[in-house]
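Examining the three-dimensional arrangement
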Amino acid sequence: MAAPVPLKAASPAARPAPRRRARPGAPALLLLPFFVLFTACTLIPIGNAVYLSLYSEKRSGLGFGGVERVFSGLGNYADALGDPAFRDGFVNLALYCLLYIPLMVGLSLLLALLLDSTLARAKRFFQLALFLPHAVPGIIAALIWMYLYTPGVSPVVGALDSAGFQADILGAPVPAVVNIALWEWTGYNLIIFFAALQAIPREVLEASVVDGAGPLRTALSIKLPLIRPSLTMVGLFTVIGSLQLFTEPMILHDATPSVVTTWTPNMYAYTAAFERDDYGLAAASSVLLALVAAALSYLVTRVSGGRSTEQKGAEA
């Protein structure tokens, strides 16, 4: 009968690694800086704006006496909604959004698809060239375009006049502002779309080629559905950014009388606060604009989320 073989001690490599104990306070500690900044930079300013919107400042003694803060409730909101200038600002903003958002999303997506195609050359150069306008500050960009729009000093307008085209670019402020915004933000969103396209597994694209799909079919049926989250994010940020339109029309206000100081809701709030010293009205108009932005943001996420659910159900 053979002697029993003694069992060898398990090597250190074969031993199971000791389980680390989860620290219950670690997630809260990591999220603490975000919540501190979010509270200080978002919640407190919003609360202060809501507080200011409920009060009005009254001066006694025919305007020469002291200033007294009086609770007015929803009076400032009624004044803002009843002001035609405030409503006209939303009309201008709606026209701007209807023209700018489809053009910007469509152009940046088209350029990203072209850069992602196998026929594209010098991709790094074109990425840098298309992104560089976004690196220019908005005020500087608006000043450059105001120079290019102004007759008598603009070489572009001068060349058009020499060719027999009488171009009054500043006479139509909405397309002029849209052009500036497109120049600034197309390259930024292009980079987002291009990064999402680069994350698509190459095996999926190779399989579509094997199945006989052409470049257009691959882009519409394969690439676009796979980058839908990026489309939603860009659409959401574009809607929020469009509602905050301020810099470009404020710069163009000095060059053309067609852009008044209340051309957008943001400009209306700025004028009410710093030209009319009516901080209650400015706060009320800002809160109304924030509510519109929240409603549109919810609508964008709701629509995109519903489409994603329908697509998953169809694939299942």
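Residues numbered from 1 in each chain as written. Predicted model: local features only at pLDDT ≥ 70, side-chain atom pairs only at ≥ 80, totals over all residues. Heavy atoms only, no water.

Remarks on the packing of aromatic side chains
So the rule is basically this: A pair of aromatic rings is counted whenever rings of Phe, Tyr or Trp (Trp by its six-membered ring) have centres within 6.5 Å, and the orientation is called stacked for planes under 30 degrees apart, edge-to-face for over 60 and tilted otherwise. Helix numbering and strand numbering both begin at the N terminus, where a helix is a DSSP run of H or I of at least 4 residues and a strand a DSSP run of E of at least 2.
This model, assessed by the stated rule, comprises 13 aromatic pairs. Centroid distance Phe34 to Phe38: 5.7 Å. Interplanar angle 20 degrees. Geometry classified as stacked. Note that Phe34 and Phe38 are positioned in helix H1 (residues 26–53) at a spacing of four residues, about one turn of the helix.

What to know about empty space enclosed by the protein
Inclusion rule: Here a cavity denotes grid points, spaced 1 Å and computed from the protein atoms alone, that fit a 1.4 Å probe unable to get out, and a pocket denotes an open set having protein on both sides within 12 Å along at least 5 of 7 lines; residues with an atom within 4 Å of a point are the lining. Grid points are joined across faces, edges and corners, and a volume is the space filled by probe spheres set on the points.
All chains considered together, the criterion is met by one cavity of 30 Å³ or more. Size it by volume and the largest cavity reaches roughly 70 Å³. Taken together, Leu52, Tyr55, Ser56, Glu57, Arg69, Asp277, Asp278, Tyr279 and Gly280 make up the full set of residues lining the largest cavity. Contributing elements (two or more residues each) for the lining of the largest cavity: strand S1 (55–59) and helix H13 (279–315).

Some thoughts on helix H12 (residues 265–274)
Here is the rule: Exposure is judged per residue with a 1.4 Å probe applied to protein chains only, and the accessible area is read against the type maximum: over 50% gives exposed, under 20% gives buried, and values in between give partly exposed.
In terms of residue burial, H12 counts as a mostly covered element, since seven of its 10 residues are buried. Residues Pro265, Met267, Tyr268, Ala269, Thr271, Ala272 and Ala273 constitute the buried set of H12.

Section: the layout of surface pockets
Which entries qualify depends on this criterion: Amino acid classes used here: Ala, Val, Leu, Ile, Met, Phe, Trp, Tyr, Cys and Pro are nonpolar; Asp, Glu, Lys and Arg are charged; the rest, including Gly, are polar.
Of the voids in this model, the largest pocket is the one considered here, and its volume is about 630 Å³. What lines the largest pocket is a set of 21 residues, among which Ile101, Leu231, Gly235, Val239 and Val300 lie closest to the centre. Every element with two or more residues in the lining of the largest pocket is listed here: helix H3 (84–116), helix H10 (228–243) and H13. Ranked by residue count, the leading element in the lining of the largest pocket is H3, at eight residues. Within the lining of the largest pocket, the residues separate by chemical class into 16 nonpolar, three polar and two charged.

Description of the packing of helix H4 (residues 123–135) against helix H7 (residues 173–198)
Stated precisely, the cut-off is as follows: In this analysis an axis means a line fitted to C-alpha atoms, helices contributing only their contacting stretch, and an angle means the value between N-to-C directions, from 0 to 180 degrees. Just so you know how the angles are binned, under 35 degrees is roughly parallel, over 145 roughly antiparallel, 65 to 115 roughly perpendicular, and the rest oblique. Crossing handedness is defined as follows: a turn of the near helix away from the far one that is anticlockwise and smaller than a right angle gives a left-handed crossing, while the clockwise case is right-handed. By definition, residues are in contact when any of their heavy atoms lie within 4.5 Å.
Two elements in contact, H4 and H7, have axes whose closest approach is 6 Å; the angle formed by their N-to-C orientations is 130 degrees. Here H4 is positioned oblique relative to H7, judged by the angle of their axes. For the element pair H4 and H7, the recorded crossing hand is left-handed. Contact residues: Gln127, Leu130, Phe131, Pro133 and His134 in H4; Trp183, Glu184, Trp185, Gly187, Tyr188, Leu190, Ile191 and Phe194 in H7. Per-class residue counts for the contact of H4 with H7 are nine nonpolar, three polar and one charged.

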